[in-house]
Protein chains: 4
Amino acid sequence: MIYFDSDYMTGAHPRVMERLVATNGLHTKGYGRDEFTARARRLILDACGLGQGEVYLLEGGTQTNAVVIDRLLDHNDGVIAADTAHINVHEAGAIESNGHKILALPGHDGKLKAEDIQQYLRDFYNDDTNHYMVKPAMVYISFPTELGTVYTHEELKAIREVCDEYDMPLYADGARLAYGLAAGGTDVTLRELATMCDVFYIGGTKCGALLGEAVVTRRPELLRRFVSLIKVHGATLAKGRVLGVQFETLFTDGLYEQIGRHAVEMALRLKAGFISKGHKLYIDSPTNQQFFVLPNDKIDSLRRVASFELWGPRGEHETPVRFVTDWATSPEDIDKLIDAL
Amino acid sequence: MIYFDSDYMTGAHPRVMERLVATNGLHTKGYGRDEFTARARRLILDACGLGQGEVYLLEGGTQTNAVVIDRLLDHNDGVIAADTAHINVHEAGAIESNGHKILALPGHDGKLKAEDIQQYLRDFYNDDTNHYMVKPAMVYISFPTELGTVYTHEELKAIREVCDEYDMPLYADGARLAYGLAAGGTDVTLRELATMCDVFYIGGTKCGALLGEAVVTRRPELLRRFVSLIKVHGATLAKGRVLGVQFETLFTDGLYEQIGRHAVEMALRLKAGFISKGHKLYIDSPTNQQFFVLPNDKIDSLRRVASFELWGPRGEHETPVRFVTDWATSPEDIDKLIDAL
Amino acid sequence: MIYFDSDYMTGAHPRVMERLVATNGLHTKGYGRDEFTARARRLILDACGLGQGEVYLLEGGTQTNAVVIDRLLDHNDGVIAADTAHINVHEAGAIESNGHKILALPGHDGKLKAEDIQQYLRDFYNDDTNHYMVKPAMVYISFPTELGTVYTHEELKAIREVCDEYDMPLYADGARLAYGLAAGGTDVTLRELATMCDVFYIGGTKCGALLGEAVVTRRPELLRRFVSLIKVHGATLAKGRVLGVQFETLFTDGLYEQIGRHAVEMALRLKAGFISKGHKLYIDSPTNQQFFVLPNDKIDSLRRVASFELWGPRGEHETPVRFVTDWATSPEDIDKLIDAL
Amino acid sequence: MIYFDSDYMTGAHPRVMERLVATNGLHTKGYGRDEFTARARRLILDACGLGQGEVYLLEGGTQTNAVVIDRLLDHNDGVIAADTAHINVHEAGAIESNGHKILALPGHDGKLKAEDIQQYLRDFYNDDTNHYMVKPAMVYISFPTELGTVYTHEELKAIREVCDEYDMPLYADGARLAYGLAAGGTDVTLRELATMCDVFYIGGTKCGALLGEAVVTRRPELLRRFVSLIKVHGATLAKGRVLGVQFETLFTDGLYEQIGRHAVEMALRLKAGFISKGHKLYIDSPTNQQFFVLPNDKIDSLRRVASFELWGPRGEHETPVRFVTDWATSPEDIDKLIDAL
């Protein structure tokens, strides 16, 4: 069996595991006050080109989105997001469970368009009854998106300008950031993302770690008393070093970029294979998630050799499917899959 | 100045006020344990043709929706509603503030279509990842809708059947129920609504009372420990009699129906007047809210003699507007308005 | 039967009812944007001696406490209150339902002592682990307290100083404020309360209105976007005029003070009667709530002529009881009660 | 430097790390649907002697308490706990942030007494106003307690009986369960705990794992739709195997018991040493947490060779301190510490 279900089906990248083992016996302070976490913070700020920022290490993506958004929004503020946004679809209502409405705008291949946000805000502020409506108070984007697409520098800049005009923080969900940065078709670098967004997170879980996401902000004042709020959300790891050691390793000798590049390379090889076999794309993704529309019988036969996800409910004759690569995907895996097509 | 902004611009219907004055000095128990509330409950159950049901008197509509929905939904359950639903637009995120997501479906003149709900549920239950999605666990409709439209018996029956198929409670927001029941184009009676819905409320505030909404259910077990939950939401009136006396009066000698009929009659007279003057409808409403699209200059001139609301942001040349009638609207008011057109 | 259960067993003071009737037919804007509410605001600010403050009219006490405290506290902040505080005992957990912990300190006849607060804060700030503890961020007092007692100017000043030292807002629950201001044994005036507290509310429901509480602050910036937050909590009255008209009347020609003085006079007459009959006080209250400890058989016989509340669970031989007076209590009522003792 | 701050200052027990490394490359399903988690579940149920129960693996203690309590309580229910309970002191208000009040009773060396619970419930149900009070709906105990003490079989049985009488679930926080089970002075076994409690959790983080807590229940119906609720709370680990592998290892060849026994042995050696040097106990703990009262100068000198926590604010002359042992503590560490006394 070859595995393409997702990018969290193995453990951590071997170098991460080695480092966890090597440091296992050392004594450190708990709750993220250890030296590994301190070093990870510095390495991440350097990689982001931030002198003054702050970094917080959390455990998982849904949790990270919930805590950050809960911090950035006041009572009865809402967050603007694409209708396909992870927070709007696959987080079981975690944002609403903290009392915040998601103001969903139609996505364009998973992306928000600056003019849609602009229009929504203009209508809101022109509405005399808006004090009884949920105030749009921040923008959530995912980079890359849930559909594997990425924003260009221009697209991101346009959204940033709308956020500036209405004084709203821009937050990017980087669960799969490594793959977004390695993607063709984007000219957005980590440093640009770090300056364009007010807050964003660098995904670890889906990018080579056992678990962990690194929240980064160039405006620490936005994450007021964040250590306490993380605790309130039950998102504090007593052995915070487990996160510190992993991110320290991921941001040493370019491991994070390397993981991203490898997975994207494998993904493009996979895409080329499907196209060569005459299969149609469900969406054209430049990252480690690839989406095709396959005939149901083809899906059934393929499932004997490979595991992958249906993307939504099964259709009558054909169904969208998703194949995901990661650090553990080998060229041989891809070739075996293509042969089985 | 003639007033058409809404149906809450005067006090209560004179008969309601008279009764409040007549009973003012009597001593009763507090918190709705008084005899007026007890009588109001019986009168309402009789009017609904319910032998076994339960009635709770609350203060306002947003509050009532919040408490009822909070009771009917489990953690991370969501409520299906039209995108134009009051809970989705003009309640400042009160539903989300209690932790529940609104699953908004495209409205059809403010109404939900049974087949849309059906499709949404089919897709949800066919999705392998739905344990990480918000479970659609109840349906919210408004009767009449925020656009003044009403469901037919057939439409309501179809929604009821979907709710039965998926074992979901159906809840109707009756903030303007009196006008919905008096509307032409519907064959839905109060008794039918009471049996079709699991829970609904009879609007008082917008239908002749100073304040107050009566939550009615034929399935008391659905509103478990409701008295405590109302208190948690700060929705308990110490002098509950104020609600009891009003609803007792509204449901004596057919006052509630009479208020509905009068306002609808005035509204239709108003609509006829606008049409006769060649103005176009924004939507064709059979109830006490009438919507037109007027040229901006006409709006400006009309505002010198009458007050009314723009329906959404002001357009470049023309803008949708809303005129609302109630118990206090007189034929003379209408005629003055039409003359001024 | 003579009624002493509480101060919400009749309707409104006759002058309030007359005014509601007189203004019933007039058209006004909704949601508190009417001229009655505007006048009530001005009258209240004048009575409080506040030039710059703000006033908001809400419906009930539990609701008012929930909205104000929800506004004054940040995520995972807590409110310091006496263990006997209404918010800690008889509001069904409304404060916690909004996510805030009540930090209960032992009450002294229902009152907080400045030194207890001081000590609690000193311990908190000396604790290295306090970022994982709930931060005490405001102080709640009731004036008068749930046990009918009142703070002296000195006591209040001492609490104010602790609040200043730790930069915490001081909030007073004035559900029965009229009686607290009319009480002997206090030298606290409305103007002093208004300057000593950052926010407080003037009780209407229990002081002669049908319903309504007036939130007053000399620091409007503390109640940021309060109109929206009130709506989120479902605490907005569409016919806000109902509150405006009542408070306008209560603060015209000294009616509010008059209601307080009358009820306290009746309460003292009642207390004197009980003492003359050799009954012992449960607590010595100078306000409209009087507490005694009565033998159970006496309670049973007395209940044939008068209604009143047991204060807590019934004891084996004797039980604390509460008698409450209000605007509607007459000297004859008191004398009948005493005769029946 | 020798480390006694807490039991989360190193990584995982070497056997746990070895197993994580050995399984790192294998592909498994995500979100706890992997075979390691399945095996861990079975091993835990066997160790608990439960045929029918259910096990859920979460990340940390505060999170676990928050999710379980949120599931067991209905709106405006409260949880009875000792005033020293972790949920009441050191979880930053996480329980309240989910809307639930903690009903704190005075602890006895950190333990609840059955008769105190009994009395609280009797008073609650005898109070006519209890529908406006928070309903005590479950009991939280910690085993061992935050003060290192343990319940005897008799004490636990008495609490169980009160819970049965009032039909309330009993939940035990087992963050340090390994040490409680290894403690002298208790006759409570894992199997007894599993049958006495409705729900409890087996602590991993503080008992030899990198992270992870195992929620166990013999009544799966109590944790309705728990997988979704865990997600709502952001407590779902994508690479659930990380938890599965660790608990599988901890419950293979008695590793969990072995870790508990070793740490307790070290703790008793430490206690004996302190006593032999004439220092007084702050509390007499039979588990891996030891509490003494030391002169401040002694604390200062000791801190040059060992790290440990002050237990609460520093006193004027002496201060309570805590020393904690775990799998990594060696006899040599203890002896060095005692020599330094």
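Procedures and definitions
Residues numbered from 1 in each chain as written. Chains lettered and ligands numbered in written order. Predicted model: local features only at pLDDT ≥ 70, side-chain atom pairs only at ≥ 80, totals over all residues. Heavy atoms only, no water. Contact = heavy atoms within 4.5 Å. Buried area = accessible area lost by both parts, 1.4 Å probe. Salt bridge = Lys/Arg side-chain N within 4 Å of Asp/Glu carboxyl O. Helix = DSSP H or I, 4+ residues; strand = E, 2+ residues; numbered from the N terminus. Nonpolar A, V, L, I, M, F, W, Y, C, P; charged D, E, K, R; others polar. Polar contact = N/O pair within 3.5 Å; in protein donor to acceptor, adjacent residues only side chain to side chain. Pairing = 2+ DSSP bridges. Axes fitted to C-alpha atoms, helices over the stretch in contact; angles between N-to-C directions. Buried < 20%, exposed > 50% of the residue type's maximum accessible area, 1.4 Å probe, protein only. Lys, Arg positive; Asp, Glu negative; His and termini not counted. Disulfide = S-S within 2.5 Å. Least-squares fit on C-alpha atoms with pLDDT ≥ 70 in both. Domains from an automatic or database assignment.

The next subject is the interface of chain D and chain B. The partner chain B presents 20 residues to the 20 residues of chain D that form the contact. Summing both partners gives a buried area of about 1,800 Å² for chain D against chain B, and 48% of it is carried by carbon and sulfur. Sorting the residues of chain D by area buried against chain B places His75, Tyr132 and Arg225 of chain D first, and these three jointly supply 37% of that buried surface. We note a salt bridge from Asp77 of chain D to Arg225 of chain B, for which the minimum N-O separation is 2.7 Å. Of all the secondary-structure elements, those providing two or more residues to the side of chain D that touches chain B are α3 (61–72) and α10 (226–232) of chain D. Top contributing element to the side of chain D that touches chain B by residue count: α10 of chain D, with five residues. Residues of the side of chain D that touches chain B, tallied by class, amount to six nonpolar, five polar and nine charged.

All right, on to the interface of chain A and chain D then. Taken together, the 42 residues of chain A in the interface contact 42 residues of chain D. Between chain A and chain D the total buried area reaches about 3,700 Å² when both faces are included, carbon and sulfur atoms providing 62% of it. Across the chain A-chain D interface, the total number found is zero salt bridges. In this structure, the connection of chain A to chain D is made through 18 residue pairs in polar contact (both at pLDDT 80 or more). Broken down by secondary-structure element, the contributors of at least two residues to the side of chain A that touches chain D are α1 (14–23), α3 (61–72), α5 (94–97), α10 (226–232) and α11 (241–250) of chain A.

Residues and elements named next belong to chain C. Strands sit in the order β9-β10-β13-β12 across an open sheet of four strands; the sheet is antiparallel. This sheet does not close on itself; its edge strands, each paired only once, are β9 (280–283) and β12 (309–310). Sheet topology places β12 next to strand β13 (residues 318–324); two bridges connect them, and they run antiparallel. Residue pairing for β13: Leu310 is matched across the bridge by Val321. Contacting β9, β10 (289–295) and β13, helix α12 (residues 255–276) runs over the sheet at an angle of about 20° to β10.

Bringing the side chain of Asp127 of chain B into the picture now. Structurally, the position occupied by Asp127 of chain B is in the loop between α6 (114–126) and β5 (135–142). Among buried charged residues, Asp127 of chain B stands out as having no salt bridge; its nearest opposite-charge side chain is Arg33 of chain D, 10 Å away. Within polar-contact distance, the side chain of Asp127 of chain B engages the side chain of Thr129 of chain B at 2.6 Å. Among all residues touching Asp127 of chain B, those that are not within four sequence positions of it are Gly312 of chain A together with Met133 of chain B.

Here we come to the environment of Leu237 of chain A. Here Leu237 of chain A lies in the loop between α10 and α11. Taking relative accessible area as the criterion, Leu237 of chain A reaches 6% and is therefore assigned buried. Separated by 62 residues in sequence, Leu237 of chain A and Ala175 of chain A place their C-alpha atoms 19 Å apart. Every residue in contact with Leu237 of chain A, bar those within four places of it in the chain, is listed here: Tyr31, Glu59, Val242 and Leu243 of chain A together with Leu211 of chain D.

Moving on, we come to the state of the cysteines. Considering all chains together, one arrives at zero disulfides over all chains under this definition. Cysteine Cys163 of chain B is unpaired, with the sulfur of Cys197 of chain B as its nearest cysteine sulfur at 8.8 Å. There is no disulfide at Cys48 of chain C, and the cysteine sulfur nearest it, in Cys197 of chain C, is 10 Å away.

Moving on: the relation of the copies chain D and chain B. For the match of chain D to chain B, the screw axis carries a shift of 0.0 Å, the RMSD comes to 0.0 Å, and the turn is 180°. Such values leave the two copies arranged in the relation of a two-fold axis. Across chain D, the rotation axis passes nearest the C-alpha of Asp74 of chain D, at a separation of 4.6 Å. Comparing interface residues between copies, 100% of those in chain D also lie at the interface in chain B; the contact surface is shared.

Residues and elements named next belong to chain A. Assigned domains within chain A: domain 1 (2–7 + 256–340) and domain 2 (14–253). Look at where the C-alpha atoms of domain 1 and domain 2 centre, and you get two points 27 Å apart. Taken together, the 21 residues of domain 1 in the interface contact 27 residues of domain 2. Here domain 1 meets domain 2 over a buried area of about 1,900 Å², counting both sides, of which 62% is carbon and sulfur. Three residues, Asp7, Tyr256 and Ile283, lead the burial of domain 1 against domain 2; their summed loss comes to 37% of the area buried on that side. Counting across the domain 1 and domain 2 interface gives one salt bridge. Ionic pairing is found between Arg176 and Asp7, a salt bridge with its closest N-O pair at 2.6 Å. Counting every contact that joins domain 1 to domain 2 gives eight residue pairs in polar contact (both at pLDDT 80 or more). Secondary-structure elements contributing two or more residues to the side of domain 1 that touches domain 2 are α12 (255–276) and β10 (289–295).

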